[in-house]
2 protein chains.
Amino acid sequence: MCRAGVPYATPVSFFHCPCRRNAGYRMDQTNPVTPLSHQHVTFPDGLQLDCGFHLAPVDVAYRTYGTLSPARDNAILVCHALTGDQYVADPHPLTGKPGWWGRMVGPGLPIDTDRFFVICVNVLGGCMGTTGPRSLRVREDGTEEPWGTDFPAITIRDMVRAQHLLVEHMGITRLLAVVGGSMGGMQVLEWCATYPEQVFAAMPIATSPFHSAQNIAFNEVSRQAIFADPQWHGGRYWECNEIPARGLAVARMMAHITYLSEAALTRKFGRRVRTTPGRGATGGPGSLFGEMFEVESYLRHQGSTFVRRFDANSYLTITRAMDYFDLGAEHDGDMSRPFRGTPTRFCIISFSSDWLFPTSQARLLARALNQVAANVSFVEIDSDKGHDAFLLDEPDFDRTIRGFLCGAAEHAGIG
Amino acid sequence: MCRAGVPYATPVSFFHCPCRRNAGYRMDQTNPVTPLSHQHVTFPDGLQLDCGFHLAPVDVAYRTYGTLSPARDNAILVCHALTGDQYVADPHPLTGKPGWWGRMVGPGLPIDTDRFFVICVNVLGGCMGTTGPRSLRVREDGTEEPWGTDFPAITIRDMVRAQHLLVEHMGITRLLAVVGGSMGGMQVLEWCATYPEQVFAAMPIATSPFHSAQNIAFNEVSRQAIFADPQWHGGRYWECNEIPARGLAVARMMAHITYLSEAALTRKFGRRVRTTPGRGATGGPGSLFGEMFEVESYLRHQGSTFVRRFDANSYLTITRAMDYFDLGAEHDGDMSRPFRGTPTRFCIISFSSDWLFPTSQARLLARALNQVAANVSFVEIDSDKGHDAFLLDEPDFDRTIRGFLCGAAEHAGIG
């Protein structure tokens, strides 16, 4: 049997390759697909998960940018959000689009790869090379099949444990910084709670110390949209060579609204209409489908491009991990407890128009850190771009990241 | 051919009755269903719609409460929201639940049926007896079939025109008040813009003079969830004796989140978990579906009960009408123009935690009315219950409605 990570010379069909542990697939059903080989490490002993399950082996796929210093003290771990991946600053291998944080990570940029060694890991449960629902498991009869929905429930802490395996494997005993937005920020917090001595500085951005009822509710509707798609086939869609594209697109469309502010949507689209003649048999003036608002067209585009790069069962797994996240509950209801005596310096960032992870939630985190006299600063960036502001052009945000990391490097004694 | 409104003695299957123009159906596929007869009037000449289509005949289904005075001057029209209907203050004929505004409309209540004659009309495009996508049309070959998605696109103004037919039919030349929340508030505004001399007082509640980009976006995701359900069958689900229940449930679940505030969701559900053992083959500890948050259970209940009473094509039609609504655009970009010289006295009400129709939008309306020196008061009710506050127990809100209507009655010279 070929091992994970071995590149294929021959294109194979989606979900028909005998070894898919470390492969991603183009999801266009009409064409042969090229499996991807991701930079990765396999950990045969795997991980003990919070749910009690021992997952082994575990593949951890990642990208690095810049050069690790001889003292191995200049590493910054960037943690990605729900639908992100390790391709932070180079073109995405499936879509060809620029890296999701290419404006932040690179030579001379706020996270300066001329100076720092940047690591980004595809999260456990993901679909870009790290072990997840699309990975193969060995059944009792010795044959292999994808985990699908039998993939164990994972937590944000499990994701961090997988990253920790890689960081140790690289011989890095302390990260100069851990940085991440949204679900990436949850990982930042779990790093500081679980491996406090190994994080010199931390930047939790546009995040919260727990997932709120409203956010759980939105995630649940996303999941129901996927479950409702008959092409999901109870999670075993690979057997039919199908993907639940429509359900996943609806999930993505809804989530996308929550990433933007009302002001941003109004500025970008307002109530502008595009008339699309002959849109199917039911189109035409005066009919239900004769016109389309610009914002609808945009959302449909978001939905349809997303399904080409993301696995539905990964979406289910990762949204569940976000929902489980509750730093206080993990520590007997005391959110500040994991940070007692922490040596880490924190910079918490929120955005004024972010209603998915509002400033009020970041403030709870700041208070918990203050209660244990942690070294913490808290910056609310004035922006009307909503939750997605952390991915967009916000000069104040860039300056905050650059300044904090420079200060951290200085205090850590890095030249 | 039997006419609309004729009650049936024999139960028939969903969508298999030869005359359904004025019938609603229990949607439980496992039982024979009882068609409903709604109080209604048929207008054979129908309506000229904004889209240019002449819709005829038009049935207008309604309920009344209280007694019309001999002078016919004590009528209050209550306009319902997206998924409401005419059953304001008596049990719903399909669900058996109390009327949706039973706490507001009744003897001695703020909209006092001992004093006022209250009318509520099922909106055009609806599914509780007024002409809509489920109503029959006559095809060229003389046979009949439901309109489905060929039902013409309608506007809020079209809904108001249908209500106006009924009000005139009742011999009422002036309504003492028109009152409504959410989409009901849009109808209130269209009444005042279209028939200013016939509205003495108006209460637009938790509403906006236009549908925002964010609200259009949420509606679009709702529609896509319905389109994605293969049981929608391109809108012709009656042919298969099916309903797109899963898509409609997802639409309802998502919409329901937008009706509540984050604070209300946190207070009602927080992060409380219910463990449901044996939830299908994939359930069990540590699996993806082993646990469920209370908020998820609540949303699923909301989704599943909704599909029993609401028609998917009506949902598509009515959300479209909301999206089209833009009072300014209807009047050359000047939102205040339709109110120039208006004799109507206005009381605008918003709720502080309503993020679907926020106070900022109500304020735009208040400013437009001020610009033309209209008689307008504006009350923001302090509430953490979100958009749905107008349906819930808010004593300040009740007092505002009671006080404004009493004042209006006094000024109108009603004893």
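Given the structure is predicted, the values throughout are model-derived calculations rather than measurements.

Our next topic: the overall build of chain A. When helices and strands are counted, chain A shows nine helices and 16 strands. The buried share of chain A, reckoned over its 415 residues, is 63%. For chain A, the proportion of contacts with a sequence separation of at least 24, taken over those separated by at least 6, is 69%. Within the structure as shown, chain A displays about 14500 Å² of accessible surface, and the carbon and sulfur contribution to it stands at 52%.

All names here are of chain B. Here Arg 272 lies in the loop between α5 (262–268) and β13 (273–275). Between the C-alpha atoms of Arg 272 and Met 292, which are 20 residues apart in sequence, the distance is 8.7 Å. Ignoring sequence-local partners within four residues, the contact set of Arg 272 consists of Met 292, Phe 293 and Glu 294. At 2.4 Å, the side chain of Arg 272 and the backbone oxygen of Lys 268 are in polar contact.

All names here are of chain A. Cross-referencing UniProt, the feature "active site" (unreviewed entry) maps to Ser 182, Asp 354 and His 387 in the present numbering. In three dimensions, the annotated residues from a span of 206 residues occupy one location, with a maximal C-alpha spread of 10.6 Å. Within the secondary structure layout, Ser 182 lies in the loop between β11 (175–181) and α2 (183–194). Look past the residues within four positions of Ser 182 in its chain and what remains in contact with it is Ala 81, Ile 205, Ala 206, Thr 207, Phe 357, His 387 and Phe 390. Looking at the secondary structure, you find Asp 354 in the loop between β15 (345–351) and α8 (359–371). Given the relative accessible area of 2%, Asp 354 is considered buried. Beyond its immediate stretch of four places on either side in the chain, Asp 354 contacts Ala 206, Thr 359, Gly 386 and His 387.

Further remarks concern the relation of the copies chain A and chain B. If you rotate chain A by 180 degrees and push it 0.0 Å along the axis, it lands on chain B with an RMSD of 0.0 Å. Taken together, the rotation and translation relating the two chain copies correspond to the operation of a two-fold axis. Comparing contact sets, 100% of the residues at the interface of chain A also lie at the interface in chain B, consistent with an isologous, same-surface contact.

Moving on, we come to the sheet that holds strand β16 (residues 375–381) of chain A. Residues and elements named next belong to chain A. With respect to topology, eight strands assemble into an open sheet ordered β1-β4-β8-β5-β11-β12-β15-β16, the strand pairing being mixed. In this open sheet, the two edge strands, each paired with only one partner strand, are β1 (40–43) and β16. Pairwise comparison of adjacent strand axes, ignoring direction, gives a mean angle of 20 degrees for this sheet. Here strand β4 (residues 58–65) runs beside strand β8 (residues 117–121); their pairing, made up of four bridges, is antiparallel. Bridging across to β8, Thr 64 finds its partner in Ile 119. In this fold helix α1 (residues 156–169) packs onto β1, β4, β5 (75–79), β8 and β11, with an angle of close to 105 degrees to the strand it touches most, β1. Each of β5, β11, β12 (199–205), β15 and β16 is contacted by helix α9 (residues 395–411), which is oriented at about 170 degrees to β12, the strand it contacts most.

Once that is clear, we can look at the confidence of the model for chain A. Residue and element names in this part refer to chain A. For chain A, per-residue confidence averages 88 on the pLDDT scale, and 87% of positions sit at 70 or higher. Between residues 1–34, whose pLDDT stays under 50, and residues either more than four places distant or in other chains, the model counts 89 contacts. Predicted confidence for residues 278–286 stays below pLDDT 50, and this span has 14 contacts to residues more than four positions away or in other chains.

In this section: the packing of helix α3 (residues 213–227) of chain B against helix α7 (residues 312–324) of chain B. Residues and elements named next belong to chain B. As a packed pair, α3 and α7 sit with axes 10 Å apart at the nearest point and diverge in direction by 160 degrees. When the axis of α3 is compared with that of α7, the two are roughly antiparallel. Once α3 is placed against α7, the crossing between them reads as left-handed. The residues of α7 that touch α3, namely those facing Asn 215, Ile 216, Asn 219, Ser 222, Arg 223, Ile 226 and Phe 227, are Ala 312, Tyr 315, Leu 316, Thr 319, Arg 320, Met 322 and Asp 323. Broken down by class, the residue content of the contact of α3 with α7 amounts to seven nonpolar, four polar and three charged.

Cut-offs used in this document
- Residues numbered from 1 in each chain as written.
- Chains lettered and ligands numbered in written order.
- Predicted model: local features only at pLDDT ≥ 70, side-chain atom pairs only at ≥ 80, totals over all residues.
- Heavy atoms only, no water.
- Helix = DSSP H or I, 4+ residues; strand = E, 2+ residues; numbered from the N terminus.
- Buried < 20%, exposed > 50% of the residue type's maximum accessible area, 1.4 Å probe, protein only.
- Contact = heavy atoms within 4.5 Å.
- Areas by Shrake-Rupley, 256 points an atom, 1.4 Å probe, with all protein chains shown as cover.
- Polar contact = N/O pair within 3.5 Å; in protein donor to acceptor, adjacent residues only side chain to side chain.
- UniProt positions renumbered as here; feature names shortened; annotations may be inferred.
- Least-squares fit on C-alpha atoms with pLDDT ≥ 70 in both.
- Pairing = 2+ DSSP bridges.
- Axes fitted to C-alpha atoms, helices over the stretch in contact; angles between N-to-C directions.
- pLDDT = per-residue confidence, 0-100.
- Parallel < 35°, antiparallel > 145°, perpendicular 65-115°, else oblique.
- Left-handed = near helix turned anticlockwise from the far one by under 90°.
- Nonpolar A, V, L, I, M, F, W, Y, C, P; charged D, E, K, R; others polar.

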